[in-house]
Amino acid sequence: MPPDITQGESGDLVFQLTDYLSRLGYLPAAKNNFDDGVVQAVKAFQQARGLTISGVVDAITLRSLEEARWKLGDRTLSLDTPPMRGDDVAHLQSQLSEMGFNCGRVDGIFGADTESAVKEFQKSVGVKVDGQCGPATVMSMMRLMKIVSGGAPIQLRDEVNRTGKGPALAGKVIVLDPAGLPEIFDLAQRLEGRLIALGVNVFMTRNAQTNPSEHERIESANNASPDLVISLRQDEYPNESAHGVATYYYGSDSHGVHSIVGERFANLVQREISARTDLLNCRTHAKTWDILRLTKSPTVRIDLGYHSNPADSKKIADPVFRETLVEAMLIAIQRLYLNSENDAKTGTLKIADLRRAGLRK
């Protein structure tokens, strides 16, 4: 993994990244010195792409800059190793999705599902069926998009699956992805126990003896084919005054896509935690972090306070407070699967209510 590129650096790599920023409209021209203007441009790009806003070009930001420079038609897209990535792939996936061809999640990565969707589209318009998106396929798509107006059937599929499985938690599959902090891991274990008691099949991406990479945890989550993935973290900031709880779901304004179920659960769990605790409500946010983007099932990341804030750390260290968080998350999970007419107001449901309502079965 290349080292981060920060303010004050210069050279060919700085010129390359500023050239990307210039082409994308964030800088007037490329330059070979990483000055304050470049920092502000990087922050603007990171904000637009749903990345962590730092002004530092880490590996994820550099990869996103590389992806952003591609427009549909710039190159022939095909299944390759490693997979082709870029905004052109995301545009292709979005167009296919709107026309009803199932390419899976709009993630900007040309995988097997995207190839299959391209083939189905090629069959429907009578061009060569090779799974490659070249000039002929792009032209056919552009002509068809002028007369086809649709919603987002692929994005809605998760919502249909959610409502079709009924309100009972028994039999559902949930992956918990806790950070390595002892308090967060303990909280995840408490939540795991409560979910198992309600009949949920729970998978943890780590245990007390292992420290898998993010890629390994994403692969583990995908292998479980879960209904929901919950990543549990504590945030950190140089200024210890930063505090509060925030929840994140997959969404990208530049790709024109978001996870419907992920956003719904993010809103539910954020409201439940804010109603039941005194953690500052830092709201929900769409992001394109890998844990959200590359996990195929609806995924949220919950940042339970700031590890760098003494008051937040003290709260999370309290087992009683962690139990309150567990109940808030458990109720939010149940509310995700309730129909609107059977739902309750935020902060009012108790775990005992779930048992009395027969939702354990």
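A quick note: this is a predicted structure, and the numbers were derived from the prediction, not measured. (Residues numbered from 1 in each chain as written. Predicted model: local features only at pLDDT ≥ 70, side-chain atom pairs only at ≥ 80, totals over all residues. Heavy atoms only, no water.)

Engineer: Could you clarify how one ought to interpret the overall build of the chain in this entry?
Structural biologist: Counting secondary structure elements, the chain contains 14 helices and seven strands. When burial is assessed residue by residue, the chain has 48% of its 361 residues classed as buried. Total accessible area on the chain stands at roughly 16700 Å², and carbon and sulfur atoms take up 50% of it. (Helix = DSSP H or I, 4+ residues; strand = E, 2+ residues; numbered from the N terminus. Buried < 20%, exposed > 50% of the residue type's maximum accessible area, 1.4 Å probe, protein only. Areas by Shrake-Rupley, 256 points an atom, 1.4 Å probe, with all protein chains shown as cover.)

Engineer: Help me out: how do you make sense of the pairing of strand β2 (residues 201–204) in this one?
Structural biologist: As a general feature of sheets, a regular strand has side chains that alternate between the two faces. Judged from the four bridges that link them, strand β1 (residues 173–178) and β2 form a sheet pairing that is parallel. Paired with V175 across the bridge in β2 is F203. Assessed by its sense of winding, the connection that carries the chain from β1 through helix α8 (residues 182–197) to β2 is right-handed. (Pairing = 2+ DSSP bridges. Right-handed = clockwise from strand over helix to strand, strands pointing away.)

Engineer: How should the packing of helix α12 (residues 310–317) against helix α13 (residues 319–336) be read in this particular structure?
Structural biologist: Axis angle and axis distance: for two packed helices, these are the angle between their axes and the distance between the axes, and together they describe the pair. In contact at an axis separation of 5 Å, α12 and α13 are set at 85° when each is read in the N-to-C sense. Classified by the angle between their axes, α12 and α13 sit roughly perpendicular to one another. For the pair formed by α12 and α13, the contact residues are K315, I316 and A317 on the first element and P319, F321, R322 and L325 on the second. Classifying every residue of the contact of α12 with α13 gives five nonpolar, no polar and two charged. (Axes fitted to C-alpha atoms, helices over the stretch in contact; angles between N-to-C directions. Parallel < 35°, antiparallel > 145°, perpendicular 65-115°, else oblique. Contact = heavy atoms within 4.5 Å. Nonpolar A, V, L, I, M, F, W, Y, C, P; charged D, E, K, R; others polar.)

Engineer: Explain the layout of surface pockets here, please?
Structural biologist: Left-over empty space is what a probe sized like a water molecule reveals as it rolls over the atoms. Estimated volume of the largest pocket: approximately 1200 Å³. What lines the largest pocket is a set of 42 residues, and nearest its centre among them are L51, T52, I53, W289 and R301. Residues that form the lining of the largest pocket fall into these classes: 17 nonpolar, 11 polar and 14 charged. (1 Å grid on protein atoms, 1.4 Å probe; cavity = no way out; pocket = protein on both sides within 12 Å on 5 of 7 lines; lining within 4 Å. Points joined across faces, edges and corners; volume = space filled by probe spheres on them.)

Engineer: Honestly, α8 in this entry has me stumped. Any pointers?
Structural biologist: Residues spaced three or four apart along an α-helix face the same direction, because each turn holds 3.6 residues. The end-to-end C-alpha distance of α8, which contains 16 residues, comes to 23 Å, matching closely the 22 Å that a straight helix rising 1.5 Å per residue would cover. When α8 is considered as a whole, its buried residues turn out to be I184, F185, L187, A188, L191 and L195. Buried residues along α8 cover an arc of 155° about the axis, so they all sit on one side. On its buried face, α8 is in contact with β1, β2, β3 (228–235), β7 (299–306), α12 and α13. G199 lies just past α8 and shows a positive phi near 90°. (Expected span 1.5 Å × (residues − 1). Arc of directions from axis to C-beta.)

Engineer: When you look at the pattern of salt bridges in this model, what are you seeing that I'm missing?
Structural biologist: Should their charged atoms come close, side chains of opposite charge can pair. For the coordinates displayed, the defined rule picks out 21 salt bridges. D177 is the salt-bridge partner of R217, the closest N and O atoms lying 2.6 Å from each other. Taken as a pair, R217 in helix α9 (residues 214–223) and D177 in strand β1 lie far apart in primary sequence, 40 residues in all. For the pair R217 and D177, a shared accessibility class is recorded, and that class is buried. The salt bridge involving D186 is made with R322; its shortest N-O contact spans 2.8 Å. Here R322 lies in helix α13 and D186 lies in helix α8, a separation of 136 residues in the sequence. For D186, a relative accessible area of 22% translates into the label partly exposed. Judged by its relative accessible area of 7%, R322 falls in the buried class. Look at the salt bridges and you will find they share partners, linking R63, E67, R85, D290 and R293 into a network. (Salt bridge = Lys/Arg side-chain N within 4 Å of Asp/Glu carboxyl O.)

Engineer: What is the right way to look at empty space enclosed by the protein in this model?
Structural biologist: On inspection of all chains with the given rule, the structure shows two cavities of 30 Å³ or more. Looking at the largest cavity, its volume works out to about 70 Å³. In terms of lining residues, the largest cavity is bounded by R49, L51, I60, R63, S64, S252, S254, H255, T288, D290 and R293. Listing elements by their share of the lining of the largest cavity, those giving two or more residues are α3 (59–68) and α11 (290–293).

Engineer: Just to check I follow, could you spell out the nonpolar core for this structure?
Structural biologist: For soluble globular proteins, nonpolar side chains are generally found buried alongside one another. Within the largest apolar cluster, 38 residues are counted, with the highest numbers of intra-cluster contacts made by I230, I273, I302 and L304. Looking at this core, the elements with two or more residues in it are β1, α8, β3, β4 (245–252), α10 (260–276), β7 and α13. Of the residues forming this core, the biggest block, nine residues, is contributed by α13. If sequence neighbours within four positions are ignored, I273 has contacts with V245, L279, I302, L304, L325, A328 and M329. (Core = buried A, V, L, I, M, F, W, Y, C linked by side-chain atoms within 4.5 Å.)

Engineer: Sorry if this is basic, but what is going on with α10 here?
Structural biologist: Taking 1.5 Å of rise per residue, 17 residues should cover 24 Å, and α10 covers 25 Å from first to last C-alpha, within 8% of that figure. Three or more residues of α10 are buried, namely V261, G262, F265, A266, L268, V269, Q270, E272, I273, S274 and R276.

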